[in-house]
Amino acid sequence: MKRHSTDVVLVPASGTNGIVLTMDESGLTQQPKKPKLNEERDAVGRNIKCLHNLPEEILRYILSLLPTKDAIRTSVLCKRWEYLWTSIPNLNFSGLEPDKRKQFMNFVERVLLLRDSSDIKTFTLSCDVLRDASHVKLELAMPCILKLPPTICFTNLKTLNFSYVTFTKEHSTEKLFSGLPVLEELELQNCNWVNLKVVSISAPKLLSIRIVEDWENQNDENGCQVMISGVSLNYFRYCGEFCNEYHVHNSPSLVEASVLASWYNERKRQIAHRMYMLLTGFSGVKELTLVFCAVELLTYAVEVVELLPHMPIFNNLEYLALEEWSVNLDSVALLKILQNSPRLKTMEFSEGISLSSDYERNDRILDPVPPCFLSQLNCIKVYDYEGDEEELSAVKILLKNAVVLEELVISCSHHFAKDLEKQKKVHEQLLKLPRGSKHCELVFY
């Protein structure tokens, strides 16, 4: 009797291949069901071709809908897709597996490094910070109005940099700058505070703050009062035209401060007042640097705005640098700072020194002699020295009154350094000047 073979088809779960069981004389045998590979390959090919013909804008939009890792994986599809991912607007990183932590951190850094300069709409980073806190920073550089959510808290953010950002909502801005519990570095570059009267910046771990302002980038003529406090703050730097009024308070750890100030004649009174108000917050610093027009503005403040009686006492100041071209030793503001700095040890004139044209009062410039000249000031440095009579007179006054001075350093300007004969003559003049200190060494080069 002839036996007919019988086919039994077992159909598995969706998405897998079936199995054909054939019954014949030899028993039950297994054969794979023939998949429709050619048809599937043709369909995939047609889909890839359709995608390949789409405009790049649409391709980027499609990539933006994918998880970040999958979007990046498309770079291997073909040459055209190699760099499409570098402009996706949404970045989402999640790395919660401890054994893959190093690979995850390298992946995130590489993606950010290779990404182009197009705008980012959403950025999400989900991982344990652990020992990689120094890698967690936020930099926003965009000339637009920043719209903030009602609740903001960056619990692990240590570095924050805003450039050309406009803040318009007082409540949300306050929330932002009060929701930074571990922030260490803050930089505000050409930011606008529009329709804001007062803003408070307070972070308990804040170590340094840098502020840069440009009047051309400001939208509010009246400006804003920015109140800055940080019990850990040790460095403060301001550079600009005082478009806003800054106050530093409750910052007992502040050690170093630097102010680069410039001014316009039509705003000189306002700028001078704001410069003075900022200076009042530096009474505890050990190092103070005044750059460009800072000394001139302070002189205007104490002479015209009549703030001389209110100049702060710098009880801890040990180092004073004047990075302003040819500072007048007889500047009222400078003399007041010297009178109010009893512990000053080093004074530096980075761009030369001079006197006003009123030579008759030269002998009375340091009268009374500042306390630091009598007990603490041991080093004076004068750079960019030209060797003219005004400079020589100013140096003479310093040498005469600094009775504990140990070193006077004078560095010639680039132009003066080429005239060896004049250098020799000036050096001889300096050596003949009377010195209040018997232990003072002159270093001339």
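Described in the following lines is the structure provided in the data block. The numbers attached to residues start from 1 for each chain and follow its sequence in the written order. For this predicted model, a pLDDT threshold of at least 70 governs which residues receive local features, and a threshold of 80 or more governs which side-chain atom pairs are given and counted, while totals over whole chains, interfaces and linings are taken from all residues. No hydrogens and no water enter the side-chain calculation; it runs on all heavy atoms of the structure.

If you trace the backbone, Ser64 turns up in helix H2 (residues 56-64). The class of Ser64 is buried, set by a relative accessible area of 14%. Every residue pair with non-hydrogen atoms within 4.5 Å of one another is taken to be in contact. If we skip the residues at most four places from it in the chain, Ser64 touches Ile88, Pro89 and Asn90. By the criteria applied, helices consist of DSSP H or I runs no shorter than four residues and strands consist of E runs no shorter than two, each listed in order from the N terminus. Only protein chains enter the accessibility calculation, which uses a 1.4 Å probe; a residue is then buried when its area is under 20% of its type maximum, exposed when over 50%, and partly exposed in between.

Taking 1.5 Å of rise per residue, the twelve residues of helix H6 (residues 268-279) would be expected to cover 16 Å, and the 16 Å separating its terminal C-alpha atoms lies within 8% of that figure. Every buried residue belonging to H6 is among Lys268, Ile271, Ala272, Arg274, Met275, Tyr276, Leu278 and Leu279, and all of these are buried. Contacts from the buried residues of H6 go to strand E13 (235-240), strand E14 (245-249), strand E15 (256-261), strand E16 (287-292) and helix H7 (294-303). The span one expects for a helix is its residue count, reduced by one, times 1.5 Å.

We now examine the pairing of E15. Taken together, the six bridges between E13 and E15 define a ladder with parallel strand orientation. From the neighbouring strand, Tyr235 faces E15, where its bridge partner is Glu256. As paired strands, E15 and E16 are joined by six bridges and run parallel to one another. Along E16, the bridge assignment pairs Ala261 with Phe292. Between E15 and its parallel partner E16, the chain crosses via H6, and the hand of that crossover is right-handed. When DSSP locates at least two bridges between a pair of strands, those strands are taken to pair. For crossovers, right-handed means that the path from the first strand over the helix to the second runs clockwise, given strands pointing away from the viewer.

For the rest of this paragraph, the subject is the nonpolar core. Take the buried residues of types Ala, Val, Leu, Ile, Met, Phe, Trp, Tyr and Cys, join any two whose side-chain atoms come within 4.5 Å, and each joined set is a nonpolar core. Among the nonpolar cores identified, the biggest contains 96 residues, and Phe177, Phe282 and Phe349 are the most heavily contacted of them. Those residues in contact with Phe349, other than ones at most four positions away along the chain, are Leu322, Val327, Leu329, Leu334, Ile380, Lys381, Val382, Tyr383 and Leu398. By size, the runner-up hydrophobic cluster in this structure holds 14 residues, among which are Ile72, Trp81, Ile88 and Phe93.

Our focus in this paragraph is the side chain of Asn340. Residue placement: Asn340 occurs in the loop between helix H8 (332-339) and strand E19 (346-349). Nitrogen and oxygen atoms within 3.5 Å of one another constitute a polar contact, given that in protein one can donate a hydrogen and the other can accept it, and given that sequence-neighbouring residues count only through two side-chain atoms. In terms of polar contacts, Asn340 uses its side chain to reach the backbone carbonyl oxygen of Met311, at 3.3 Å. Contacts of Asn340, omitting those with residues within four sequence positions, involve Met311, Pro312, Ile313 and Phe314.

Glancing now at the packing of H6 against H7. Relative orientation and spacing of two packed helices are given, respectively, by the angle between their axes and the distance between those axes. It is the contact of H6 with H7, at a shortest axis distance of 8 Å, that shows an interaxial angle of 100°. Judged by the angle between their axes, H6 and H7 are roughly perpendicular. Residue-level contacts link Lys268, Arg269, Ile271, Ala272, Met275, Tyr276 and Leu279 of H6 to Ala294, Glu296, Leu297, Leu298, Tyr300 and Ala301 of H7. Classifying every residue of the contact of H6 with H7 gives ten nonpolar, no polar and three charged. Fitted lines through C-alpha atoms serve as axes, helices being fitted only where they are in contact, and the angles separating the N-to-C directions of these axes extend from 0 to 180 degrees. With respect to orientation, any angle under 35 degrees is reported as roughly parallel, any angle over 145 as roughly antiparallel, any angle of 65 to 115 as roughly perpendicular, and every other angle as oblique. In this classification, the charged set is Asp, Glu, Lys and Arg, the nonpolar set is Ala, Val, Leu, Ile, Met, Phe, Trp, Tyr, Cys and Pro, and all remaining amino acids, among them Gly, are polar.

Attention shifts here to the packing of aromatic side chains. Stacked, tilted and edge-to-face pairs are distinguished by plane angle, under 30 degrees for stacked and over 60 for edge-to-face with tilted covering the rest, among Phe, Tyr and Trp rings (Trp via its six-membered ring) whose centres lie within 6.5 Å. Evaluated as defined, the whole model comprises nine aromatic pairs. Judged by centre distance (5.8 Å) and plane angle (55°), the rings of Phe167 and Phe177 are tilted. Here Phe177 lies in helix H5 (residues 170-178) and Phe167 lies in strand E7 (residues 159-167), a separation of ten residues in the sequence. Where Phe177 meets Trp193, the ring centres are 6.1 Å apart and the plane angle is 50°; that geometry is what we call tilted.

Further remarks concern the pattern of salt bridges. A pair is scored as a salt bridge if a Lys or Arg side-chain nitrogen falls within 4 Å of a carboxyl oxygen belonging to Asp or Glu. One pass over the full model with this rule turns up seven salt bridges. The residue Asp116 makes a salt bridge to Arg115 at a minimum N-O spacing of 3.7 Å. What makes Arg115 buried here is its relative accessible area of 9%.

Now for unusual backbone geometry. Between Asp367 and Pro368 the backbone carries a cis peptide bond, its omega angle lying at 5°. Phi at Asn195 takes a positive value of approximately 65°, unusual for a residue other than glycine. For Asn195, the position within the fold is in the loop between strand E9 (192-193) and strand E10 (198-202). Among the residues examined, Asn195 registers a relative accessible area of 61% and is labelled exposed. Within the chain, Phe242 stands out as a residue other than glycine whose phi angle is a positive 50°. You can call Phe242 buried: its relative accessible area is 0%.

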